[in-house]
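Remarks on the overall topology
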Amino acid sequence: MARRSLPLLRHLLRDSIVAAPSSSPPGIAGSRRSVTYMPRPGDGAPRAVTLIPGDGIGPLVTDSVRKVMDAMHAPVYFETYEVHGHMTTVPAEVIESIRRNKVCLKGGLATPVGGGVSSLNVQLRKELDLYASLVNCFNLPGLPTRHQNVDIVVIRENTEGEYSGLEHEVVPGVVESLKFCSERIAKYAFEYAYLNNRKKVTAVHKANIMKLADGLFLESCREVATKYPGIKYNEIIVDNCCMQLVSKPEQFDVMVTPNLYGNLVANTAAGIAGGTGVMPGGNVGQDHAIFEQGASAGNVGNEKLVEQKKANPVALLLSSAMMLRHLRFPSFADRLETAVKRVIAEGEYRTKDLGGNSTTQEVVDAVIANLD
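Residues numbered from 1 in each chain as written. Predicted model: local features only at pLDDT ≥ 70, side-chain atom pairs only at ≥ 80, totals over all residues. Heavy atoms only, no water.

Quick reminder of the rule: UniProt positions are given in the numbering used here, feature names are shortened, and annotations may be inferred rather than shown by experiment.
Among the UniProt annotations of the chain, the heading Subcellular location (unreviewed entry) holds the following wording: "Mitochondrion". Checking UniProt for the chain, the heading Sequence similarities (unreviewed entry) contains the comment "Belongs to the isocitrate and isopropylmalate dehydrogenases family."

Listed below in structure tokens is the structure:
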């Protein structure tokens, strides 16, 4: 539920308690809901979701999501496809499935370094035009971190900039890379901020050096900002941004960035707020969306985690809650998110990256036990 509605809900609930007859049985007036989600006819029909387990810990954490979804009887079912990072292209049947279902849940896909093999992650984003990447970096109650009051949403362009892959060898030993940008990521960032009652949008750039490419990015942000007078807008150079993130991260709200900077900023913010193992994320376009671990899955190829079955499923579980809201199943999303946060707050079941020694299955069992 967008934050903008929370004050209204509190006001309505308070009024309902005050207005309740004194003869009401204890607990009834205070627990009655004054406002509820009103679905459209057919909204409760089960939805198909394309599932890509991926590489490394991917099958382990995606299986965790499947178990939790089954336990809470969520109205989704999965069409599973085997895709791995060493493949040269994403199979056509996988693309067709995502186009048909509109939504995909994905584990990490290993990306070969060098060698001319393109990233399947980038292929998926370009093929489906998933131009906006969203990573929510926030403090989880009970999880100790260096900084408190961190709640940052990093929105980065996904298909343009350096990741567009427009590069070629001019002559042996000389490689040219092209960079371009459009205004749609700025529009999405301000729209997101408006709908979620966010107060500020910060554009991250390097226009002091790349005056034309990043200059165009800033021009787009400034133009869109004029249409949202209720949202504060500011700009920050990317190197100063990184320094400010590690010293005063609570100053940031929504951050909008070109592709390359956003990848670095999102991972930095994730590390500050609790680590990549707990940060949800997704990639969205006009017609399709793919949900996955928010920050780079550096442990995708960690064979030790796979052998010990101790991968952290929290990030993908929270990403699944984002997916459920995207599918208009808000009550299921709330139940899942609340259960995960309870497990983290209690502190009994945590994987090694969070200071514990639990297995993936033990964390999943704890989440299931905390489902309302």
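From this point, the narrative continues.
Digging into the environment of Glu362
Filter applied, for reference: The helix count covers DSSP runs of H or I at least four residues long, the strand count covers runs of E at least two residues long, and both are numbered beginning at the N terminus.
Summarising the element assignment, Glu362 is placed in helix α13 (residues 360-369). Taking the C-alpha atoms as reference points, Glu362 and Arg350, separated by 12 residues in sequence, lie 8.5 Å from one another.

Observations regarding the packing of helix α6 (residues 184-195) against helix α7 (residues 213-225)
What counts, and what does not: Lines fitted to the C-alpha atoms define the axes, with helices restricted to the stretch that makes contact. Angles between their N-to-C directions range from 0 to 180 degrees. Oblique is the label for any angle not covered by the other classes, which are roughly parallel (under 35 degrees), roughly antiparallel (over 145) and roughly perpendicular (65 to 115). Less than a right angle of anticlockwise turn of the near helix away from the far helix marks a crossing as left-handed, whereas a clockwise turn marks it as right-handed. The contact definition used throughout considers only heavy atoms, calling two residues in contact when any of these lie within 4.5 Å. Side-chain classes follow a simple rule in which Ala, Val, Leu, Ile, Met, Phe, Trp, Tyr, Cys and Pro form the nonpolar group, Asp, Glu, Lys and Arg form the charged group, and the remainder, Gly included, forms the polar group.
For the pair α6 and α7, the least separation of the axes is 8 Å and the interaxial angle reads 40 degrees. One way to sum up the angle between α6 and α7 is to call them oblique. For the crossing formed where α6 meets α7, the hand is right-handed. On the side of α6, the interface is formed by Ile185, Ala186, Lys187 and Phe190, while α7 contributes Phe217, Ser220, Cys221, Val224 and Ala225. A breakdown of the residues in the contact of α6 with α7 according to their chemical character gives seven nonpolar, one polar and one charged.

Some remarks on the packing of aromatic side chains
Keep this limit in mind: Ring geometry is summarised as follows: Phe, Tyr and Trp rings, the Trp one being its six-membered ring, pair when their centres sit within 6.5 Å, and such pairs are stacked at plane angles under 30 degrees, edge-to-face over 60 and tilted between the two. The classification of residues rests on relative accessible area computed with a 1.4 Å probe and restricted to protein chains. Under 20% of the type maximum is buried, over 50% is exposed, and intermediate values are partly exposed.
Within this structure, the stated rule accounts for five aromatic pairs. Seen in terms of ring centroids, Phe190 and Tyr233 are 5.9 Å apart; in terms of plane orientation they differ by 45 degrees. Their pairing is tilted. One end of the pair, Phe190, is in helix α6; the other, Tyr233, is in strand β9 (residues 232-237), and 43 residues separate them in sequence. For Phe190, a relative accessible area of 0% translates into the label buried. Look at Tyr233 and you get partly exposed, because its relative accessible area is 22%. Linked through ring pairs, Phe190, Tyr194, Tyr228 and Tyr233 together constitute an aromatic cluster.

So, the side chain of Lys106
Stated formally: In protein, a polar contact means a hydrogen-donor-capable atom and an acceptor-capable atom, both N or O and within 3.5 Å, with residues adjacent in sequence counting only if both atoms are side-chain atoms; elsewhere, any N or O pair within 3.5 Å suffices.
Secondary-structure assignment places Lys106 in strand β3 (residues 103-106). Side-chain polar atoms of Lys106 contact the side chain of Glu292, separated by 2.6 Å. Residues within four places of Lys106 in sequence aside, it is in contact with Ile52, Thr62, Asn121, Leu124, Ile290, Phe291, Glu292 and Leu316.

Observations regarding the pattern of salt bridges
The cut-off we apply is this: For this analysis, a salt bridge means a side-chain nitrogen from Lys or Arg found within 4 Å of a carboxyl oxygen belonging to Asp or Glu.
Taken as a whole, this structure holds 16 salt bridges when the rule is applied. A salt bridge links Asp63 to Lys67, with the nearest nitrogen and oxygen atoms 3.3 Å apart. You can see Asp63 and its partner Lys67 sitting in helix α3 (residues 58-71), four residues apart, about one turn around the helix. As a salt-bridge pair, Arg222 and Glu235 come within 2.7 Å of each other at their nearest N and O atoms. Here Arg222 is found in helix α7, whereas its partner Glu235 is found in strand β9, with 13 residues between them in sequence. We classify Arg222 as partly exposed; its relative accessible area is 41%. Given a relative accessible area of 30%, Glu235 falls into the partly exposed group. Within this structure, Arg325, Asp334, Glu337 and Lys341 form a network of salt bridges that share partners.

With respect to the packing of helix α11 (residues 314-326) against helix α12 (residues 330-346)
Packed helices, taken two at a time, are described by the angle their axes make and the gap between the axes. Where α11 meets α12, the closest approach of the two axes is 7 Å, and the angle between their N-to-C directions is 160 degrees. When the interaxial angle is binned, α11 and α12 end up roughly antiparallel. For the crossing formed where α11 meets α12, the hand is left-handed. Contact with α11, carried on its side by Val314, Leu317, Leu318, Ser320, Ala321, Leu324 and Arg325, involves Pro330, Phe332, Ala333, Asp334, Leu336, Glu337, Val340 and Ile344 of α12 and no other residues of that element.

Here's the deal with the pairing of strand β4 (residues 132-138)
In regular strands, side chains alternate between the two faces of the sheet. With respect to burial, β4 is a largely interior element, seven of its seven residues being buried. A two-sided burial pattern is seen for β4, the buried positions comprising Ala132, Leu134, Asn136 and Phe138 on one face and Ser133, Val135 and Cys137 on the other.

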